[in-house]
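Structural overview for review
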Amino acid sequence: MPAEIRLFRCLSDNYGVLLHDPDTGATAAIDAPEAAPIESALKATGWKLTDILVTHHHADHTDGIMELKNKYKCRVVAPAAEAAKIPGVDETVKEGDKAKVGNLVSNVIETPGHTLGHIAYWFHADKIAFVGDTLFSIGCGRVIEGTMDQMWSSLQKLRDLPDDTRVYVGHEYTLANIKFALTIEPSNAALKSRAAEAEKQIAGGHFTIPVTIGAEKKQNPFIRADVPEVAAGIGMAGKPANEVFAEIRTRKNKF
Ligand SMILES: [Zn+2]
């Protein structure tokens, strides 16, 4: 049976997600920003927490781990390169490994840049990806520990996933990201229609995710750094994509 998802808000702008395997009853939290909203979601669904899949070591993704682990005895899976910075880790994974939630199987994709050991979990059979703070809806994470080149490569790995992949991101930043994206591509029609859609979603109290890889490819300037019109639009016609990406990311930092 297909995976089931429960999406909810944590802290000020984090997303919390539960992934449930109806065949085995296994349920994973993707990251654990804080325990209380995750427990409310478990209560609302009746699911029992068996796993926590961690994308990276930042506190707003890991602060809830120990409280949940103590209560539910769940298994904690984390990126090998950051395991020392994450509490309660039972199993470490790296590029090419599989991380399972019951019978649901994900491929681990290393996406360094935001942090050096950041990973994404791609559940290919269900066409779902959990990308933490690497890719956002119409945005991408800040390049904190890695290099701009690493982040650009990581984003390309995610961009290479099938177009109909549903992407769950770590934060609700969509409207601010769209405002910035329109300064890079003011005449991108797909982006403009996304802006109208996102405003409606937020006004209605709805989430703006999951997004699809196919839509992001048309609308997200950070993964469009190798589109000639994007480079030309910021005065960098003919420049290599990694430099165009770095310029867009630098502009966003100052926006
Ligand atoms: Zn982070």
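Above this text you will find the structure in question.
Residues numbered from 1 in each chain as written. Predicted model: local features only at pLDDT ≥ 70, side-chain atom pairs only at ≥ 80, totals over all residues. Heavy atoms only, no water.

1. Some points on the pattern of salt bridges
Per the counting criterion, the structure on display carries 12 salt bridges. In this structure, the salt-bridge partner of aspartate 51 is arginine 75, at a minimum N-O distance of 2.7 Å. Taken together, the positions of aspartate 51 in strand 4 (residues 51–53) and arginine 75 in strand 5 (residues 75–79) put the pair 24 residues apart, joining distant regions of the chain. Residue classification places arginine 75 among the partly exposed residues on the basis of a relative accessible area of 23%. Between glutamate 247 and arginine 251 there is a salt bridge; the shortest N-O distance is 2.7 Å. Of this pair, glutamate 247 and arginine 251 both sit in helix 9 (residues 241–254), 4 residues apart, roughly one helical turn. (Salt bridge = Lys/Arg side-chain N within 4 Å of Asp/Glu carboxyl O. Helix = DSSP H or I, 4+ residues; strand = E, 2+ residues; numbered from the N terminus. Buried < 20%, exposed > 50% of the residue type's maximum accessible area, 1.4 Å probe, protein only.)

2. Re helix 4 (residues 148–159)
Compared with an ideal rise of 1.5 Å per residue, which puts 12 residues at 16 Å, helix 4 spans 16 Å between its outermost C-alpha atoms and is within 8% of the ideal. Turning to helix 4, its buried residues are Met151, Trp152, Ser154, Leu155, Leu158 and Arg159. Down the axis of helix 4, the buried side of the element spans an arc of 165°, and every buried residue falls inside it. Among the structural elements, strand 8 (104–110), strand 9 (119–123), strand 11 (135–136), strand 12 (139–140), helix 7 (213–219) and helix 9 are those in contact with the buried residues of helix 4. (Expected span 1.5 Å × (residues − 1). Arc of directions from axis to C-beta. Contact = heavy atoms within 4.5 Å.)

3. A word on the environment of threonine 50
With respect to the secondary-structure elements, threonine 50 resides in the loop between helix 1 (35–45) and strand 4. Exposure remark for threonine 50: the relative accessible area of 27% places this residue in the partly exposed category. Along the sequence, threonine 50 and valine 93 sit 43 residues apart, while their C-alpha atoms lie 17 Å from each other. Filtering out sequence-adjacent residues up to four positions away, threonine 50 remains in contact with Ala26, Thr27, Cys74 and Arg75. A distance of 2.6 Å separates a polar atom in the side chain of threonine 50 from a polar atom in the side chain of aspartate 51. (Polar contact = N/O pair within 3.5 Å; in protein donor to acceptor, adjacent residues only side chain to side chain.)

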